[in-house]
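# Close look at the chain arrangement
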Amino acid sequence: MSLLERLAALVASGERGVLFTVVEGDGAGTNMLVLDDGETVGEGSGAAIRQASELIREGRNRLLTLEDGSKVFAEVYGPPPRLFVYGAVDTAEALCVGAKLLGWAAIVADARAAFATRERIPSASDLLVAWPEEAFAQVQPDHHTAVVVLTHDDKFDVPALVAALASPAFYVGALGSRRNQERRRERLLEAGVAEVDLDRIMGPCGLDIGAETQEATALSILAEIHAVQTGREGGFLKYAKQRIHVETD
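What you are looking at is a predicted structure, and each value in this text was computed from that prediction instead of being measured. (Residues numbered from 1 in each chain as written. Predicted model: local features only at pLDDT ≥ 70, side-chain atom pairs only at ≥ 80, totals over all residues. Heavy atoms only, no water.)

## Let's talk about the side chain of Arg 184
With respect to the helices and strands, the residue Arg 184 is situated in helix α6 (residues 178-190). Classification of Arg 184 by relative accessible area gives buried; the value is 1%. Within polar-contact distance, the side chain of Arg 184 engages the side chain of Asp 157 at 3.0 Å. Residue contacts for Arg 184: discarding those within four places in its chain leaves Thr 151, His 152, Asp 157, Leu 161, Ala 174 and Leu 175. (Helix = DSSP H or I, 4+ residues; strand = E, 2+ residues; numbered from the N terminus. Buried < 20%, exposed > 50% of the residue type's maximum accessible area, 1.4 Å probe, protein only. Polar contact = N/O pair within 3.5 Å; in protein donor to acceptor, adjacent residues only side chain to side chain. Contact = heavy atoms within 4.5 Å.)

Below, the structure is given as structure tokens:
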């Protein structure tokens, strides 16, 4: 199978991979496709291959300068990131609207059938009526999934967060006051979650923008998710020391 055929098959199957194109230096014009499972097609540098996994996880195209001075453009292929929300409350719909504007897929689940309806959450890519363990088993969050728990009930919160922390999701957020976060933390420790894993939870989730409405709360959470995804702190650009745009020269 040629490189172009394998690339077309990758896009059709929803697999993830990165296409490396040498744009400057030895081998200029050559291409190599590296899949998430390590499969390679084409010609390329071992230095580029070693960066493939990290690039796929980041999900961003980048221009790389390799050790030999050559420049390689890395173009990432794969399905869009996913936002998985547990708790079909009003904020869930606002999160789905914002996620779709970002080009993400948004999945909402809730054990309460009266809450998880198209009338309440019309913007979700998928709606699940399921308890946390079942919902997480269906969704199977991966490195390209952000999880947000919006319920305020231990019988939902605890199993949902236990399942989220057991997954490779790149972001795990939980809505609620600081008092609720402390109570939830105690329940998670009782459930056997390690102290170090609790630090993965962004809670209260969201950036401090003074959000009061559902829409502003969703904006705050999505901004934090995006900041975590790109490795940024989420502060004011006026005081930022890094480049404004995440692409590298």
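## Some thoughts on the sheet that holds strand β9 (residues 145-149)
The parallel open sheet is built from six strands, whose spatial order is β8-β7-β6-β9-β10-β11. Edge strands, defined here as strands with exactly one partner in the open sheet, are β8 (126-129) and β11 (201-202). Two strands pair when backbone bridges link them, and strand β6 (residues 82-86) and β9 are joined in this way by five bridges, in the parallel orientation. Bridge pairing in β9 links Arg 82 to Thr 145. (Pairing = 2+ DSSP bridges.)

## Regarding the packing of aromatic side chains
The full count for this structure, using the stated rule, is five aromatic pairs. Consider the rings of Trp 131 and Phe 156, whose centres lie 5.2 Å apart with planes at 35°: the pair is tilted. Separated by 25 residues along the polypeptide, Trp 131 in the loop between β8 and α4 (132-139) and Phe 156 in helix α5 (residues 154-165) bring together distant segments of the chain. With relative accessibility at 3%, the residue Phe 156 sits in the buried group. Taken together, Tyr 86, Trp 131 and Phe 156 form an aromatic cluster joined through their ring pairs. One cation-aromatic arrangement involves Arg 112 over Phe 115; the distance from NZ or CZ to the ring centre is 4.2 Å. We note Arg 120 situated over the ring of Phe 115; from NZ or CZ to the ring centre the distance is 5.0 Å. (Phe/Tyr/Trp six-rings, centres within 6.5 Å; stacked < 30°, edge-to-face > 60°. Lys NZ or Arg CZ within 6 Å of the ring centre and 35° of its normal.)

## So, the environment of Glu 233
Locating Glu 233 in the fold gives a position in the segment after α8 (214-230). In sequence terms Glu 233 and Leu 207 are 26 residues apart; their C-alpha atoms lie 9.6 Å from each other.

## So, the pattern of salt bridges
Tallying each qualifying case throughout the model produces 14 salt bridges. The salt bridge involving Glu 195 is made with Arg 185; its shortest N-O contact spans 2.4 Å. Taken together, the residues Glu 195 in helix α7 (residues 195-198) and Arg 185 in helix α6 connect sequence positions 10 residues apart. For Arg 185, a relative accessible area of 27% puts it in the partly exposed group. When salt bridges that share partners are traced, they join Asp 154, Arg 183, Glu 186 and Arg 187 into one network. (Salt bridge = Lys/Arg side-chain N within 4 Å of Asp/Glu carboxyl O.)

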